[in-house]
Amino acid sequence: MSTYDVIVVGGGIGGPALATVLARAKLSVLLLEQSEVYADRVRGEWIAPWGVAETKRLDIYKTLLAAGAHHLTRHVTYGESVRPKDAEAHALNMGIFFPEIAGPLTIGHPKHCQTLFDAALAAGADGRRGANVTEVTLGAEPSVTFIDHNGPQTARARLVVGADGRTSTVREVARVELHQDPPHHWFAGLLVEGAEGWDADVQAIGTEGDFSYLAFPQGGGRVRVYGGYALDQARRFKGPDGARRFLDSFAMECAPANQALVAGRPAGPLLSYINADSWTDEPYAQGAVLVGDAAGWNDPILGLGLSITYRDVRIVSDILLASRDWSPQAFRPYAEERRERMRRLRFAATIQARLDMEFDPAARRRRERHHERSAADPSLSAYGVAIMGGPERAPAEVFTDANFARILDLEGAPR
Ligand SMILES: Cc1cc2nc3c(=O)[nH]c(=O)nc-3n(C[C@H](O)[C@H](O)[C@H](O)COP(=O)(O)OP(=O)(O)OC[C@H]3O[C@@H](n4cnc5c(N)ncnc54)[C@H](O)[C@@H]3O)c2cc1C
């Protein structure tokens, strides 16, 4: 039976990023990924500025740039109560959050995973593809059984890292409970090609009628688009022409630039998710620690899963490289930081979902009023600093129940 310092289950984002950092520091690492080829599963392709800062701290940033990642420098928010020209004139400069970061970074998820997997191999990790983990044993002598083209094999390590995504096997074996908010809206994503005329440096969001969208260009006429719609419309984009009808929904009076998207072609699957936050209190157990989605995820409306995952990798790798104490107590500071980080991001996501992803007349009025009120009182948008600059950058008083009510103008809110 082979023995390693660390076995990493899952070769998406968090797994190979952590394997790279640990292998560079000369730990022996086995990295197991079930897929033979990374496919478009409609996953994160936009890294927030604070996530870009994490990639720099991990020394992964240049590898992503070399793989074709590119920065977005402006953000436009369109809306029914705003003239398109005014929305564009008020575009947000995305370089304001960190002096040395031009803005968010975009890169296709399959390419992102492959780039990180290659980096882990180059750093000296033992990376296996087509390796499906079927059994995990934790405790004082952790081991993992996986099946690849050589048949079933078992390996041992001092620690198993669960980087195996939302339906994590490691989380289940570790008996780490996953808490979840009730679903709030449908969220569908599609890669579009041939979106000629869309400015490759500009990201945009907007809501009109019963549809809300986000668009993140990747260069070369490719744009990753997302659309949000009400929970009672489960069948809205079903059927063979669903992707075409989805793209047609981007034709909006408030956002004429979207015509470039409508004129584009689907370049991957259209997949829909029910959006909500999920979190864990203690993402570790004897012999295991969880990173990325396995440890709980933020509602993708904010597009922060990659940034969260890179932060996890940075904190966990710091702990593993600081000492040989890998007991559950060693991961307590990680759990404490992550708990507050996810609480703040859940606060921000809940507000964003209430503002952008509700479509009845009352929600429309709330949206319009929020535009007016936040223009007069910028403190109502301060939670946005957490989204772009990192959850720790906004003051603690932003994340209170009273401020939640004030931002959404709920009855009884402090004025
Ligand atoms: C619709 C949608 C849009 C999103 N948009 C964004 C965005 O714009 N920006 C952003 O930052 N985040 C976004 N996210 C979130 C982001 O994609 C995730 O947070 C991120 O991919 C998490 O990385 P991970 O490595 O934890 O998990 P994953 O990327 O899911 O990787 C897990 C890996 O584990 C492997 N695996 C699982 N089980 C096993 C097993 N038994 N054996 C071996 N391998 C296994 C899987 O094959 C997979 O490769 C989005 C998510 C969704 C659903």
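This one's a predicted model, so the numbers in the text were calculated from it and none came from an experiment. (Residues numbered from 1 in each chain as written. Predicted model: local features only at pLDDT ≥ 70, side-chain atom pairs only at ≥ 80, totals over all residues.)

Draft legend 1. Inspection of the overall build of the protein at higher detail. Each helix and strand in the protein was counted, giving 13 helices and 21 strands. By the compact-globule yardstick of 22 Å for 415 residues, the protein fits well, its C-alpha radius of gyration being 21 Å. Structurally, the protein occupies a C-alpha span of about 65 × 45 × 40 Å along its principal axes. For the protein, the proportion of its 415 residues judged to be buried stands at 48%. Contacts in the protein between residues far apart in sequence, at least 24 positions, make up 73% of those at least 6 positions apart. (Helix = DSSP H or I, 4+ residues; strand = E, 2+ residues; numbered from the N terminus. Rg over C-alpha atoms; globule rule 2.2 N^0.38 Å. Buried ≥ 20, exposed ≤ 12 C-beta atoms within 10 Å, placed from the backbone. Contact = placed C-beta atoms within 7 Å.)

Draft legend 2. Broad picture of the site of the ligand. Around the ligand, the surrounding shell holds 37 residues, and the nearest of these are Gly 10, Gly 12, Gly 44, Gly 292 and Gly 305. Those elements that provide at least two residues to the shell around the ligand are helix H1 (14-24), strand S2 (29-33), strand S3 (46-47), strand S9 (132-137), strand S13 (185-193) and helix H9 (305-322). If one sorts the elements of the shell around the ligand by residue count, H9 sits on top with 4 residues. When its residues are assigned to classes, the shell around the ligand shows 15 nonpolar, 17 polar and 5 charged. (Near = placed C-beta within 6 Å. Nonpolar A, V, L, I, M, F, W, Y, C, P; charged D, E, K, R; others polar.)

Draft legend 3. Structural context of the pairing of strand S1 (residues 2-9). Across 7 bridges, the pairing between S1 and strand S11 (residues 151-162) is parallel. Across the sheet, the residue bridging to Thr 3 is Arg 156, located in S11. Looking at chain direction, S1 and S2 are connected through 4 bridges and run parallel. What sits directly across from Ile 7, in S2, is Leu 30. (Pairing = 2+ DSSP bridges.)

Draft legend 4. A look at the packing of H9 against helix H10 (residues 332-356). Direction vectors running N to C along H9 and H10 enclose 165°, while the axes themselves pass 10 Å from each other. Judged by the inter-axis angle, H9 sits roughly antiparallel to H10. As H9 packs across H10, the resulting crossing turns out to be right-handed. Judged by residue contacts, Asp 312, Ile 315, Val 316 and Ile 319 of H9 engage Tyr 334, Glu 337 and Arg 338 from H10. When the residues that make up the contact of H9 with H10 are grouped by side-chain class, the tally is 4 nonpolar, no polar and 3 charged. (Axes fitted to C-alpha atoms, helices over the stretch in contact; angles between N-to-C directions. Parallel < 35°, antiparallel > 145°, perpendicular 65-115°, else oblique. Left-handed = near helix turned anticlockwise from the far one by under 90°.)

Draft legend 5. Main features of the environment of Gln 286. Summarising the element assignment, Gln 286 is placed in the loop between strand S20 (284-285) and strand S21 (288-290). The class for Gln 286 is partly exposed, based on 13 C-beta atoms found within 10 Å. Spatially, the C-alpha atom of Gln 286 lies 9.6 Å from that of Val 160, the residues being 126 residues apart in sequence. Among all residues touching Gln 286, those that are not within four sequence positions of it are Leu 138, Gly 139, Ala 140 and Pro 328.

Draft legend 6. Representation of the domain arrangement of the protein. Domain parsing of the protein yields domain 1 (2-43 + 107-181 + 277-342), domain 2 (70-104 + 185-275) and domain 3 (345-408). Between the C-alpha centres of domain 2 and domain 3 there is a distance of 20 Å. Listed per partner, the contact involves 11 residues of domain 2 and 9 residues of domain 3. A class-by-class count of the residues in the side of domain 2 that touches domain 3 yields 3 nonpolar, 7 polar and 1 charged. (Domains from an automatic or database assignment.)

Draft legend 7. Broad picture of the packing of H1 against helix H5 (residues 109-123). Here H1 crosses H5 at 20°, and the two axes come no closer than 8 Å. By the angle between their axes, H1 is roughly parallel relative to H5. The crossing of H1 and H5 is left-handed. Residues Pro 16, Ala 17, Ala 19, Thr 20, Ala 23 and Arg 24 of H1 touch H5, and the partners they reach there are Cys 113, Leu 116, Phe 117, Ala 119, Ala 120 and Ala 123. Taken together, the residues of the contact of H1 with H5 sort by class into 10 nonpolar, 1 polar and 1 charged.

Draft legend 8. Fine view of the sheet that holds S3. What the 3 strands build is an open sheet, ordered S3-S7-S4; its pairing is antiparallel. The strands lining the two open edges of the sheet, one partner per strand, are S3 and strand S4 (70-71). Relative to strand S7 (residues 105-106), S3 is paired through 2 bridges, and the arrangement is antiparallel. Each bridged residue has a counterpart across the sheet, and for Ile 47 the counterpart in S7 is Leu 105.

Draft legend 9. Summary view of H9. For H9, spanning 18 residues, the distance from its first C-alpha to its last is 26 Å, which sits close to the expected 26 Å at 1.5 Å a residue. Among the 18 residues in H9, 13 count as buried, and that is most of the element. (Expected span 1.5 Å × (residues − 1).)

Draft legend 10. Expanded view of the environment of Tyr 78. One can find Tyr 78 in strand S5 (residues 74-79). Sequence-wise, Tyr 78 and Val 52 are 26 residues apart; in three dimensions their C-alpha atoms are separated by 25 Å. With residues up to four places along the chain from it excluded, the contact list for Tyr 78 reads Pro 84, Ala 87, Ala 204, Gly 206, Cys 254 and Ala 255.

Draft legend 11. Representation of the environment of Leu 92 in the model. With respect to the secondary-structure elements, Leu 92 resides in strand S6 (residues 92-93). Excluding residues that lie within four positions of it along the chain, Leu 92 makes contacts with Arg 74 and His 75.

Draft legend 12. How the structure looks around unusual backbone geometry. At Lys 26, a position not held by glycine, the phi torsion is positive, near 75°. Along the chain, Lys 26 turns up in the loop between H1 and S2. Note on Lys 26: 11 C-beta atoms within 10 Å, which makes it exposed. Backbone geometry at Asp 409 places phi at a positive 55°, although glycine is not the residue there. Along the chain, the position of Asp 409 falls in the segment after helix H13 (401-408).

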